[in-house]
Amino acid sequence: QVQLVESGGGLVQAGGSLRLSCAASGSIFSINVMGWYRQVPGKQRGLVATIGSSGTTNYADSVKGRFTISRDNAKNTVYLQMNSLKPEDTAVYYCKLVRVRVGDIYWGQGTQVTVSS
């Protein structure tokens with residue numbers, strides 16, 4: 001089993017910055033993909049960014065150039081640095097971990113990010 005604990009959400013004005021953290025514990029395994037997704041009421045959860053255990057990254061077009069995903073494998077933690085935030089970035093942000101060789105998926109509980117105009 002894997003547990004994911006997110007932190008760092010909050011309220012920020014447009015143009016501001018926030019950093020989200022997600023700490024993983026349990027049977028993580030070395031080959032995995034971690035990422036951030038977001039969801040607003042009435043819409044499906046969508047990709048923000050992912051990072052593989054080797055460091056390969058992928059971003060949604062809407063956040064490219066503003067958000068940076070990184071990870072500390074020693075701490076089993078993934079980060080999302082969010083700059084130049086816009087009101088449309090307001091959502092609940094969820095951390096996700098995929099254990100590639102096992103083929104299972106884990107989600108965090110979510111953290112609210114609110115960007116005021």
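Look up a bit, the structure's there.
Residues numbered from 1 in each chain as written. Predicted model: local features only at pLDDT ≥ 70, side-chain atom pairs only at ≥ 80, totals over all residues. Heavy atoms only, no water.

A.B. asks: Explanation requested: the sheet that holds strand β7 (residues 67-72) in the structure shown.
C.D. replies: Ordered in space as β1-β3-β8-β7, the 4 strands form an open sheet in which the pairing is antiparallel. Every interior strand has two partners, whereas the edge strands, β1 (2-7) and β7, have only one. Ignoring which end each strand starts from, the neighbouring axes of this sheet average 15° apart. Two elements, strand β3 (residues 18-26) and strand β8 (residues 77-82), share 6 bridges in a ladder whose sense is antiparallel. From the neighbouring strand, leucine 18 faces β8, where its bridge partner is methionine 82. (Pairing = 2+ DSSP bridges. Helix = DSSP H or I, 4+ residues; strand = E, 2+ residues; numbered from the N terminus. Axes fitted to C-alpha atoms, helices over the stretch in contact; angles between N-to-C directions.)

A.B. asks: Could you clarify how one ought to interpret empty space enclosed by the protein in this entry?
C.D. replies: Gaps between atoms show up when a probe of the same size as a water molecule is rolled over them. Under the definition given, this model contains 1 cavity of 30 Å³ or more. Considering only enclosed or pocket space, the largest cavity measures out at about 30 Å³ in volume. Along its surface, the largest cavity is lined by Ile28, Asn32, Met34, Arg71, Asp72, Asn73, Asn76 and Thr77. Where the lining of the largest cavity is concerned, the elements lending two or more residues are β4 (32-39) and β7. (1 Å grid on protein atoms, 1.4 Å probe; cavity = no way out; pocket = protein on both sides within 12 Å on 5 of 7 lines; lining within 4 Å. Points joined across faces, edges and corners; volume = space filled by probe spheres on them.)

A.B. asks: What am I meant to see in the environment of proline 87 here?
C.D. replies: Here proline 87 shows up in the loop between β8 and β9 (91-99). Apart from the residues within four sequence positions on either side, proline 87 is in contact with Ala14, Val115 and Ser117. (Contact = heavy atoms within 4.5 Å.)

A.B. asks: Whenever I open this one, the state of the cysteines confuses me. Can you help?
C.D. replies: Each disulfide consists of a covalent bond between the sulfur atoms of two cysteine residues. Taken as a whole, this structure holds 1 disulfide when the rule is applied. The disulfide partner of cysteine 22 is cysteine 95, and the gap between their sulfur atoms is 2.1 Å. Given an S-S torsion of about -80°, the disulfide between cysteine 22 and cysteine 95 has left-handed geometry. Here cysteine 95 lies in strand β9 and cysteine 22 lies in strand β3, a separation of 73 residues in the sequence. Comparing cysteine 22 with cysteine 95 shows no difference in burial state: the two are buried. (Disulfide = S-S within 2.5 Å. Buried < 20%, exposed > 50% of the residue type's maximum accessible area, 1.4 Å probe, protein only.)

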